[in-house]
Amino acid sequence: MSLMRVKFTREDPVRGLLHREFLQLIQRSIQAARLPVATTDGAEPRPVCAAGLPLAAGHLSRCEYVDFVVCLPITATEFGRRLAAELPEGIRNTWQRRLGNQTLSLKAAIRGFRYRVSGIVDPARAEAYNAATAWPLTQIRKGRERVLDLKRNVRWLQVEPNRVIFDIEVREEGMPKPEEVIASVFGMTLEEATALTTERAAARFASNRPARQPAWE
């Protein structure tokens with residue numbers, strides 16, 4: 001047995017899906033392609049998979065990673081070819097690689113994400129954010145209030161014509177949603193920020209990542 005890591009896109013036709021619904025479509029495609037991956041027990045077995053941190057419904061992505069346990073010999077190229085033929089519109093596999101069994105899980109390996117948010121914003125507010133030493137962000141999680149220092153999670157933010165690009169680091173104390181970053185930095189309501197087109201553009205992996213896998217993918 002070995003690990004097969006696959007990188008997927010999440011495009012307009014499936015942007016409204018919940019994370020579990022997105023994974024269910026991929027699992028059905030794995031079954032339709034008759035790929036030799038481990039499955040769950042029971043009357044209706046389904047492919048076992050492990051994904052990275054969930055992407056919120058409504059967001060686009062170029063870097064949704066899913067791991068599968070391969071039970072029989074198959075090359076990454078053949079795995080990808082067969083899977084691509086069965087994926088629904090809006091989901092593409094852009095690469096796949098066989099990895100060693102000692103590879104860190106996706107949730108342990110991913111250290112951050114790069115986001116691109118389309119919209120016209122005030123560059124002066126980005127300058128104020130970048131110049132600040134701290135930037136409190138109040139969040140409500142499960143009915144409880146907590147305050148994060150946004151500068152600990154978002155150390156790089158840049159305004160380009162008609163879009164904002166920034167990195168969010170994964171930290172034990174929590175992390176902001178991309179719409180929370182936009183709302184806080186640019187003085188929008190959360191509803192206004194959520195209405196903007198948000199794309200997860202790349203993921204940053206731990207330094208002890210598998211060979212040939214760069215820091216950003």
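The rules we used
Residues numbered from 1 in each chain as written. Predicted model: local features only at pLDDT ≥ 70, side-chain atom pairs only at ≥ 80, totals over all residues. Heavy atoms only, no water. Core = buried A, V, L, I, M, F, W, Y, C linked by side-chain atoms within 4.5 Å. Buried < 20%, exposed > 50% of the residue type's maximum accessible area, 1.4 Å probe, protein only. Helix = DSSP H or I, 4+ residues; strand = E, 2+ residues; numbered from the N terminus. Contact = heavy atoms within 4.5 Å. 1 Å grid on protein atoms, 1.4 Å probe; cavity = no way out; pocket = protein on both sides within 12 Å on 5 of 7 lines; lining within 4 Å. Points joined across faces, edges and corners; volume = space filled by probe spheres on them. Axes fitted to C-alpha atoms, helices over the stretch in contact; angles between N-to-C directions. Parallel < 35°, antiparallel > 145°, perpendicular 65-115°, else oblique. Nonpolar A, V, L, I, M, F, W, Y, C, P; charged D, E, K, R; others polar. Salt bridge = Lys/Arg side-chain N within 4 Å of Asp/Glu carboxyl O. Disulfide = S-S within 2.5 Å. Phe/Tyr/Trp six-rings, centres within 6.5 Å; stacked < 30°, edge-to-face > 60°. Lys NZ or Arg CZ within 6 Å of the ring centre and 35° of its normal.

Overview of the nonpolar core
Reasoning step 1: In this structure, Leu150, Val154, Leu157, Phe166, Val181 and Phe186 are the most contacted members of the largest nonpolar core, which totals 28 residues.
Reasoning step 2: For this core, the secondary structure elements donating two or more residues are β3 (60-70), α3 (106-109), β5 (110-118), α4 (123-131), β9 (163-169), α6 (178-186) and β10 (198-205).
Reasoning step 3: The element best represented in this core is α6, accounting for 5 residues.
Reasoning step 4: When near neighbours in sequence (up to four residues on either side) are disregarded, Val154 contacts Tyr129, Phe166, Asp167, Ile168, Pro176 and Val181.
Reasoning step 5: In this structure, Ile26, Ile74, Ala76 and Leu87 belong to the second largest nonpolar core, which totals 21 residues.

Let's talk about empty space enclosed by the protein
Reasoning step 1: If you walk through the whole model with that rule in mind, you get 1 cavity of 30 Å³ or more.
Reasoning step 2: Of the volumes computed, that of the largest cavity is approximately 60 Å³.
Reasoning step 3: Lining the largest cavity are His19, Phe22, Ala51, Gly52, Leu53, Cys63, Glu64, Tyr65, Val66, Ile110, Phe113 and Arg200.
Reasoning step 4: For the lining of the largest cavity, the secondary-structure elements that each account for two or more residues are α1 (19-32), β3 and β5.
Reasoning step 5: The element contributing the most residues to the lining of the largest cavity is β3, with 4 residues.

Comments concerning the packing of α4 against α6
Reasoning step 1: Running from N to C, α4 and α6 cross one another at 100°; their axes reach a closest spacing of 9 Å. Judged by the angle between their axes, α4 and α6 are roughly perpendicular. Of α6, the residues touching α4 (which contributes Arg125, Ala126 and Tyr129) are Ser184, Val185 and Phe186.
Reasoning step 2: Class assignment for the residues of the contact of α4 with α6 results in 4 nonpolar, 1 polar and 1 charged.

Description of the pattern of salt bridges
Reasoning step 1: Summed over the entire model, instances satisfying the criterion amount to 14 salt bridges.
Reasoning step 2: Across the salt bridge formed by Asp67 and Arg5, the nearest N and O atoms sit 2.7 Å from each other. A residue pair is termed long-range when its members are at least 10 positions apart, and Asp67 in strand β3 and Arg5 in strand β1 (residues 2-10) qualify at 62 residues. Just as Asp67 is buried, Arg5 falls in that class too.
Reasoning step 3: Across the salt bridge formed by Glu199 and Arg116, the nearest N and O atoms sit 3.9 Å from each other. Of this pair, Glu199 sits in strand β10 while Arg116 sits in strand β5; the two residues are 83 residues apart in sequence, bridging distant segments of the chain.

Side note on the state of the cysteines
Reasoning step 1: Evaluated as defined, the whole model comprises 0 disulfides.
Reasoning step 2: With no disulfide of its own, Cys49 has Cys71 as its nearest cysteine by sulfur position, at a separation of 13 Å.
Reasoning step 3: Overall, Cys49 belongs to the partly exposed group, its relative accessible area being 25%.

Re the packing of aromatic side chains
Reasoning step 1: Per the counting criterion, the structure on display carries 6 aromatic pairs.
Reasoning step 2: A centroid spacing of 6.2 Å and a plane angle of 40° characterise the contact between Phe68 and Phe79, whose relative ring orientation is tilted. Placement of Phe68 in strand β3 and of Phe79 in helix α2 (residues 76-84) is noted, with a sequence separation of 11 residues between them.
Reasoning step 3: When the ring of Tyr129 is compared with that of Trp135, the centres are 5.1 Å apart and the planes differ by 70°; the resulting orientation is edge-to-face. Considered together, Tyr129 and Trp135 belong to a single accessibility category, that of buried residues.
Reasoning step 4: Through successive ring pairs, a cluster of aromatic residues spans Tyr65, Trp95 and Phe205.
Reasoning step 5: The positively charged end of Arg10 is found above the aromatic ring belonging to Phe22, 5.1 Å away from the centroid.

Focus: the layout of surface pockets
Reasoning step 1: Each pocket or cavity is described by its volume, and for the largest pocket that value is around 280 Å³.
Reasoning step 2: If you go around the largest pocket, you meet 16 residues; those closest to its centre are Pro54, Met175, Pro176, Lys177 and Pro178.
Reasoning step 3: Secondary structure elements with two or more residues in the lining of the largest pocket: β5 and α6.
Reasoning step 4: For the lining of the largest pocket, a count of residues per class yields 9 nonpolar, 2 polar and 5 charged.

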